[in-house]
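Breakdown of the fold
The primary structure of each chain is shown beneath.
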Amino acid sequence: QSALTQPPSASETPGQRVTISCSGSSSNIGTYTVNWYQQLPGTAPKLLIYNNFQRPSGVPDRFSGSKSGTSASLAISGLQSGDEADYYCAAWDDSLNGPVFGGGTKLTVL
Amino acid sequence: EVQLVQSGAEVKKAGESLKISCETSGFRFSSNWIGWVRQVPGKGLEWMGLIYPGDSDIRYSPSFQGQVTISADKSISTVYLQWSSLKASDTAIYYCATHWWNDESRYFDYWGQGTLLTVSS
């Protein structure tokens, strides 16, 4: 069981906006910044959002992140078929003394 | 350009030993943390451990402590993950990734392509 909780699946139609939630605790999200990773089918994970809301170079501004208390969320607007992927949240965890991942959310673009 | 190139897929039998590698370039190897992440087929990501090649500081996840060994060779900018006795449950994809770490930010930024390990019983 992951220390961070995500919904296992999400879906929306092209052009629409979808939000994926990530719930943690005081030992992880409540203390540290949240990061999001995108894993396209058959590929390695890729850093999508870091420090709660910052985007690495090359990540479109359709992707945005936020954090409040012990929860975080990833929003994707203007959905495209190429956004179909697994999305993972992660944060440092004091109990683990290392990074902890959410269980992942499989996004389907209908 | 930062690159992490991992060794190829492996097929092993339970009880055998194995060492997989992650060759890096494009950044200061000795000044960056590098981690290993496991992904069982069809499942999520699990942090295994982190190494700081500069002083060989190694941190293991409690779930993997004693199960694997992480090491690095500074002369060839390569990190390793090894098992002394594989189990069928070690079947997974293993990723290496650079890990940015300061007081404010901690995240995996660049990832290798993954090494698929299949262990038969």
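Notes on the structure in this doc start here. These figures come from a predicted structure and were not determined experimentally. (Residues numbered from 1 in each chain as written. Chains lettered and ligands numbered in written order. Predicted model: local features only at pLDDT ≥ 70, side-chain atom pairs only at ≥ 80, totals over all residues. Heavy atoms only, no water.)

**Looking at the interface of chain B and chain A**
Our working rule: Every residue pair with non-hydrogen atoms within 4.5 Å of one another is taken to be in contact. Buried area: the accessible surface (1.4 Å probe) lost by two parts on joining, summed over both. The salt bridge criterion pairs a side-chain nitrogen of Lys or Arg with a carboxyl oxygen of Asp or Glu, the two atoms within 4 Å.
With 23 residues of chain B in contact, the opposing surface of chain A contributes 19 residues. In total, about 1700 Å² of surface goes out of reach between chain B and chain A, with carbon and sulfur atoms giving 62% of it. In terms of surface lost to chain A, no three residues of chain B exceed Leu-45, Trp-47 and Arg-106 of chain B, which account for 35% of the buried area on that side. One can count 0 salt bridges joining chain B with chain A.

**Description of the packing of aromatic side chains**
Let me state the cut-off plainly: Aromatic rings from Phe, Tyr and Trp, taking only the six-membered ring of Trp, are treated as a pair when their centres fall within 6.5 Å; an angle between ring planes under 30 degrees marks them as stacked, one over 60 as edge-to-face, and anything in between as tilted. A run of H or I in DSSP becomes a helix once it reaches four residues, and a run of E becomes a strand once it reaches two; helices and strands are each numbered from the N terminus. We call a residue buried when its accessible area falls under 20% of the maximum for its residue type, exposed when it is over 50%, and partly exposed in between, using a 1.4 Å probe and counting protein chains only. As a reminder, the over-ring test applies to NZ of lysine and CZ of arginine, requiring each to be within 6 Å of the ring centre and within 35 degrees of the ring normal.
Evaluation of the coordinates by the stated rule reveals 10 aromatic pairs over all chains. Plain terms: the ring middles of Trp-83 of chain B and Tyr-94 of chain B are 4.9 Å apart, the flat faces sit at 75° to each other, and that makes the pair edge-to-face. Of this pair, Trp-83 of chain B sits in strand β8 (residues 78-83) while Tyr-94 of chain B sits in strand β9 (residues 92-101), and the two are 11 residues apart along the sequence. For Trp-83 of chain B, a relative accessible area of 3% gives the class buried. Residue class for Tyr-94 of chain B comes out buried when judged on its relative accessible area of 0%. Here the aromatic cluster, defined as three or more aromatic residues joined through ring pairs, consists of Tyr-37 and Phe-101 of chain A together with Tyr-95, Phe-108 and Trp-111 of chain B. A cation over an aromatic ring shows up here: Lys-19 of chain B above the ring of Tyr-80 of chain B, its NZ or CZ 4.5 Å from the ring centre. The ring centre of Trp-92 of chain A lies 4.7 Å from the NZ or CZ of Arg-106 of chain B, which sits over that ring.

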